[in-house]
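The lines below spell out each chain.
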Amino acid sequence: AEALEYDMSDDSSSRIITVQVSKRWLIGFAAILLAPWLLFLIVSTQNPVKTWTSEALRSEESSRRQIPTTKGPWGELKVVRIVTEPPEESLSGYLKYPRPVWTFKGYTPEEFEKLLLSANLTPEQKAEIVQSSKWGARSEGCLVSPSDALVQNLSSESRAALYGALSLFPENTFQHEPFRYRTDLSDEWFANSGVPEETIDQVCKLIYRRGKTLLFSDPHLVVPGLKSDVDRVRLLKTLARQSTLMVQLHISPRTDIDALIGYWAPRAGRAKDIKPLLESATRLPGGLDIDVTHLLPRFARKRIYTYPSAEGDTGEMVFDCHWNSMNFWNDPPDNRFSDSETVIRTLETEYDQIIDRYKFGDILLFMKSDTQAIHSAVYIADDIVFTKNGPSPHSPWILMQLATLISHYETNVDLKIRGYRKKKAKG
């Protein structure tokens, strides 16, 4: 035994207290004191490469989602890219897919032959397509009922050529509005989706490319063969994912609020809706990042990042992008804009056509030809647009970069952007 002596001296007396302690007790006590420090040392030195790599990946992922911005009349923006997918209930009616019929509308036999030659088909594939073709009256084109085996075995090149032609006609539902994702962000499409690897492999064999976009148009070859409706919904949710943007406007005590109001409130009466919020942010010493959702008119503000609902405004489940764009300033929406002739007439009489330097609220038409617009969106700021890509209930209202949206609608015909700005009221 060891003796520890504690000198407990004071003014009145002096005493020596001797405590008998065993070596075993000392060792145990030391172990208790040192254990947390030993554990920390072990953890901190264990596989530092893995720790650094993990931190680097998190940093890289964070920076990858940050979108560079340009300061302009809209102010100073901060933009982060996110991925959204539809709610399960919006997909419940899409679990069965019949074998498609391809519609080559308006084709002549000579044009059809030229298309088949350009598609780089095998002789057997070309022969099967020709044999299954049914021609209508003159100028109506032809219908093709391809077998599953034919569609399954198309090369990516052949699929892109044929589906590019089919995409021009709404009758070809999944070529006209395919599932799609940006090529440079393709790793996000199926990441952490819960879709089995073998199913992803099936899908990937059927994916084709158009410009900067990957597309999938053959759910009938994959979805019906899955084991359960749960698996089918999980796959469809993943296929329907879309890359969108979260956008914030940075306000500091030095921000010129009047200049911002001039940009974000171009219509009479709008300034009173956003001025109090902007002014309150300037009173904070460090400033504030405001979500631009708060600066949108009511139609867009209550829909952004959501999906069409049966409980929503009449028609929003089925009306297209033009109804969406023309109603950007309207609440409730005007359902006359579900008619294309009304849209064209309104743009021609109540809007001025502009070439560039778009501003908040301008309508952008994506022109396939001088007379046919295949999509429209509303300009927000810094080449960011408000859009709904298709009338489908699993297509949300989102913000996208203009360049991304252009690639989204690439066809075998060059697209042109035509801008429209509401005329100022006279007087």
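See above for the structure.
Keep in mind that this is a model prediction, so the values were computed, not measured.

What counts as what
Residues numbered from 1 in each chain as written. Predicted model: local features only at pLDDT ≥ 70, side-chain atom pairs only at ≥ 80, totals over all residues. Heavy atoms only, no water. 1 Å grid on protein atoms, 1.4 Å probe; cavity = no way out; pocket = protein on both sides within 12 Å on 5 of 7 lines; lining within 4 Å. Points joined across faces, edges and corners; volume = space filled by probe spheres on them. Helix = DSSP H or I, 4+ residues; strand = E, 2+ residues; numbered from the N terminus. Buried < 20%, exposed > 50% of the residue type's maximum accessible area, 1.4 Å probe, protein only. Polar contact = N/O pair within 3.5 Å; in protein donor to acceptor, adjacent residues only side chain to side chain. Contact = heavy atoms within 4.5 Å. Salt bridge = Lys/Arg side-chain N within 4 Å of Asp/Glu carboxyl O. Axes fitted to C-alpha atoms, helices over the stretch in contact; angles between N-to-C directions. Left-handed = near helix turned anticlockwise from the far one by under 90°. Pairing = 2+ DSSP bridges.

1. Section: empty space enclosed by the protein
And then number 1: For the coordinates displayed, the defined rule picks out 2 cavities of 30 Å³ or more.
And then number 2: Its volume calculated, the largest cavity comes out at about 90 Å³.
And then number 3: Forming the walls of the largest cavity are Arg180, Tyr181, Arg182, Thr213, Arg241, Gln242, Ser243, Met400, Thr404, Ser407 and His408.
And then number 4: For the lining of the largest cavity, the secondary-structure elements that each account for two or more residues are β8 (179–182), β11 (242–251) and α15 (402–408).

2. Topic: the side chain of Ser217
And then number 1: Relative to the helices and strands, Ser217 is located in the loop between β10 (213–216) and α9 (229–239).
And then number 2: Assessed through its relative accessible area of 3%, Ser217 is described here as buried.
And then number 3: There is a polar contact of 2.7 Å between the side chain of Ser217 and the backbone oxygen of Phe174.
And then number 4: With residues up to four places along the chain from it excluded, the contact list for Ser217 reads Tyr163, Phe174, Gln175, Pro178 and Tyr208.

3. Structural notes on the pattern of salt bridges
And then number 1: By the definition in use, this model includes 19 salt bridges.
And then number 2: Across the salt bridge formed by Lys272 and Asp273, the nearest N and O atoms sit 3.2 Å from each other.
And then number 3: Bridged by salt links that share partners, the residues Glu85, Lys237 and Arg241 form one connected network.

4. Structural notes on the packing of helix α10 (residues 257–264) against helix α11 (residues 271–282)
Two numbers describe a pair of packed helices, the interaxial angle and the distance between the axes.
And then number 1: Where α10 meets α11, the axes come as close as 10 Å, and the angle between the chain directions of the two elements is 145°. Along this stretch, α10 crosses α11, giving a crossing that reads as right-handed. Two secondary-structure elements touch here, α10 through Ile257, Leu260, Ile261 and Trp264 and α11 through Ala271, Ile274, Lys275, Leu278, Glu279 and Thr282.

5. Examining the sheet that holds strand β14 (residues 363–367)
And then number 1: Strands sit in the order β13-β18-β14-β15-β16-β17 across an open sheet of 6 strands; the sheet is antiparallel. With partners counted over all chains shown, the strands left at the sheet margins are β13 (351–354) and β17 (397–401), one partner each. Sheet twist, expressed as the average angle between the axes of neighbouring strands with direction ignored, equals 35°.
And then number 2: As defined by bridge partners, β14 adjoins strand β15 (residues 373–381) across 5 bridges and the pair is classed as antiparallel. Bridging across to β15, Leu364 finds its partner in Ala377.
And then number 3: Against the sheet, helix α14 (residues 340–350) makes contact with β13, β14 and β18 (416–422), and its axis sits at roughly 85° relative to β13, the strand it touches most.

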